[in-house]
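# Coordinate analysis (summary)
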Amino acid sequence: MALARVFGCARVVYNDALALRRHAFEAGLPRLSASQLQREVVTLAKLTVRRAFLAEVGVDPLIQAVRDLEGAYGNYFASLSGKRKGPKIAEPRFKSRKDNRQAVRFTRNGFRLRGNGTLYLAKIGEVRVRWSRILPSEPPSVTVVKDARGRYFASFVVETDPAADLGRFPLDPDRAYTETGIDLGLTHFAVLSDGKKIDAPGFLRRAERKLRRLQQDLARKQKGSNNRKKAVVEVAAAHAHVADSRRDFQHKLSTTIIRETQAVYVEDLSVAGLGRTRLAKSVHDAGWSGFVDMLEYKAARYGRYFARIDRFTPTSQVCSACGVKDGPKPLSVRQWTCAGCGARHDRDVNAARNVLAAGQADRVNACGDQVRPGLVPAPVCEAGTHRGDLSSAQCASAPAAPNGAVGIPALGDREDVKGSPSVHRGTLWSPPVSRR
Ligand SMILES: [Zn+2]
């Protein structure tokens, strides 16, 4: 298929460019500029016998492959020098035909959206798209992704009007003072400070169980055997299914929470740290970090306040009513009575209330105002300038709204990105997974 060939060619160009850069580095030669690199691995390479096949596809995705490599190196060096925060980024590596996720990007020169709803890709032709939503404006680029199941997705980057978006997702005046603390736990996916307990839906838990079983089957298969190859395909399919279902569930939940409250506080679990303990398996399965990221970027997008609470705060040990520290409790203790005030607590709801109080206290301190936590709906940030519910969105520590690029999804919409600009994803085709 024509599209498959583009994926192959983009990968070859990426790998050639990577090999060239590494060779130059090892030989002590000066770094190749992006345009030199592009000339070597695209323009000149096409003229050689070994790389003549590159001429069969459009040049645009090949150029983007070189740019992607440059971007990957940029991130890598920024991470090395400490300019880039967060976990260390690995050095760019060679791409393989066997990678689970493959992607090619087309810019304005390489694609057109046709009036009949199809996507025209240069040197490939018209592609049918199952749109997940209507694009609010003409996208500058499209990324076509092939997942482990062999399904293709098109992601568009779209610039939209943030003011119009906020209008589509206003704060309910009745709930303008609502703030939510969230406890992410093992007995429930999430527990909210208002007492709501949210579990992952049954179909998702069943899919996760099936995935675990298939992974165990795979581990027992002999290396290099045909049965192993079949099992690999099945695991990849089950994995993609779980990932999709989980993302849908998390999108719906995070949108609902953000819609209903004006500030959200979550305990910073530092999943990377927990991942080394014996809870690791369930932590990764629960996919909390992805969920918390969604809350964070949706809060920024919709003008809500979001904060992570220090994970060393013992949220399950402190009484949320009187503040007495009751001491550590094993996970099996689901309910307890406070020795200080006699309040009866549900372990998880109490934790969520403590997250809420800690978040409110942090936020007030960050704004330089002393107010008792838990009682103040909206702290005053800059004395005398902004008051009332809207001022909280202007609090110095509130995440800034993304730069002019916001898209508001309908409840349960699929999205693929953290932060801006927003990406709208449409399914191209979904060929059935081969099951023998
Ligand atoms: Zn108490």
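All values derive from a computational prediction rather than experimental measurement.

### Examining the overall build of the chain
A count of helical and extended segments in the chain gives 10 helices and 14 strands. Here the contacts in the chain between residues at least 6 apart in sequence split such that 63% fall between residues at least 24 apart.

### Observations concerning the sheet that holds strand E3 (residues 119-121)
Think of a sheet as strands paired side by side through backbone hydrogen bonds, with each pair either parallel or antiparallel. If you trace the 3 strands from one edge of the open sheet to the other, you get E2-E3-E4, paired in antiparallel fashion. At either margin of the open sheet sits one strand with a lone partner, and together these are strand E2 (111-113) and strand E4 (125-127). Across this sheet, the average inter-strand angle for adjacent strands is 25 degrees, counted without regard to direction. Examined bridge by bridge, E3 and E4 share 3 bridges and lie antiparallel to one another. Bridge assignment links Leu121 to a residue of E4, and that residue is Gly125.

### Let's talk about the sheet that holds strand E7 (residues 179-183)
The 5 strands lie next to each other as E9-E8-E7-E10-E11, forming an open sheet whose pairing is mixed. Edge positions in the sheet fall to strand E9 (197-198) and strand E11 (305-309), since each of these pairs with one other strand and no more. In terms of strand pairing, E7 meets strand E8 (residues 190-192) through 2 bridges, oriented antiparallel. Bridged to Asp183 within E8 is Val191. Sitting on the sheet, helix H10 (residues 347-366) touches E7, E8, E9, strand E10 (263-267) and E11, and the angle it makes with E7 is about 125 degrees.

### Focus: unusual backbone geometry
In this model, Lys123 sits at a positive phi of 65 degrees, which is unusual for a non-glycine residue. Looking at the element boundaries, Lys123 is found in the loop between E3 and E4.

### A closer look at the nonpolar core
With 41 residues, the main nonpolar core has Ile182, Val264, Tyr265, Leu295 and Val355 as its most contacted residues. For this core, the secondary-structure elements that each account for two or more residues are E8, helix H5 (202-220), helix H6 (226-260), E10, helix H9 (288-302), E11 and H10. Looking at this core element by element, the count peaks at 9 residues for H9.

### A few points about the pairing of E10
In terms of burial, E10 is a largely internal element, 5 of the 5 residues being buried. Taken together, the 4 bridges between E7 and E10 define a ladder with parallel strand orientation. Residue pairing in the sheet places Glu179 in a bridge with Ala263 of E10.

### Concerning the confidence of the model for the chain
Residues of the chain with pLDDT of at least 70 account for 74%, and the chain-wide mean is 76. Mean pLDDT values for the elements of the chain range from 42 in strand E14 (residues 422-427) up to 93 in helix H1 (residues 2-26). Every residue in residues 369-436 scores below 50 in pLDDT, and together they form 155 contacts with partners more than four places removed in sequence or on other chains.

### Comments concerning the environment of Arg97
By the element assignment, Arg97 lies in the loop between helix H3 (59-80) and strand E1 (102-107). Remark: the alpha-carbon pair of Arg97 and Val12, spanning 85 residues in sequence, is separated by 9.7 Å.

### Points about H9
Counted at 1.5 Å a residue, the expected span for H9 with its 15 residues is 21 Å, and the 21 Å between its end C-alpha atoms agrees. Those residues of H9 not exposed but buried are Trp288, Phe291, Val292, Met294, Leu295, Glu296, Tyr297, Lys298, Ala299, Ala300, Arg301 and Tyr302. Positive phi appears at Gly303, one or two residues downstream of H9, with a value of about 70 degrees.

### Here's the deal with the packing of H1 against H3
For the pair H1 and H3, interaxial distance at closest approach is 8 Å and the crossing angle is 40 degrees. Viewed along their axes, H1 and H3 adopt a mutual orientation that is oblique. Two packed elements cross with a definite hand, and for H1 against H3 that hand is right-handed. Contacts from Val6, Cys9, Ala10, Val13, Tyr14, Ala17 and Leu18 of H1 reach H3 at Pro61, Leu62, Ala65, Val66, Asp68 and Leu69. In terms of residue class, the contact of H1 with H3 is made up of 12 nonpolar, no polar and 1 charged.

### A closer look at H5
Taking 1.5 Å of rise per residue, the 19 residues of H5 would be expected to cover 27 Å, and the 28 Å separating its terminal C-alpha atoms lies within 8% of that figure. All buried positions along H5 are accounted for by Leu204, Ala207 and Leu211. The buried residues of H5 occupy an angular sector of 60 degrees when projected down its axis, which confines them to one face. Seen from the buried face of H5, the exposed residues on the opposite side, beyond 90 degrees, are Gly202, Arg206, Arg209, Arg213, Gln216 and Arg220. Where H5 is buried, its residues meet H6.

### As for the packing of helix H2 (residues 34-44) against H3
Two numbers describe how H2 lies on H3: the axes approach to 10 Å, and their chain directions differ by 135 degrees. What the angle tells us is that H2 and H3 run oblique. As H2 runs across H3, the sense of the crossing is right-handed. Contacts between H2 and H3 involve Ala34, Leu37, Gln38, Val41 and Val42 from the former and Val59, Leu62, Ile63, Val66 and Glu70 from the latter. Here the residues of the contact of H2 with H3 are counted per class, giving 8 nonpolar, 1 polar and 1 charged.

The rules we used
- Residues numbered from 1 in each chain as written.
- Predicted model: local features only at pLDDT ≥ 70, side-chain atom pairs only at ≥ 80, totals over all residues.
- Helix = DSSP H or I, 4+ residues; strand = E, 2+ residues; numbered from the N terminus.
- Contact = placed C-beta atoms within 7 Å.
- Pairing = 2+ DSSP bridges.
- Axes fitted to C-alpha atoms, helices over the stretch in contact; angles between N-to-C directions.
- Core = buried A, V, L, I, M, F, W, Y, C linked by C-beta atoms within 7 Å.
- Buried ≥ 20, exposed ≤ 12 C-beta atoms within 10 Å, placed from the backbone.
- pLDDT = per-residue confidence, 0-100.
- Expected span 1.5 Å × (residues − 1).
- Parallel < 35°, antiparallel > 145°, perpendicular 65-115°, else oblique.
- Left-handed = near helix turned anticlockwise from the far one by under 90°.
- Nonpolar A, V, L, I, M, F, W, Y, C, P; charged D, E, K, R; others polar.
- Arc of directions from axis to C-beta.

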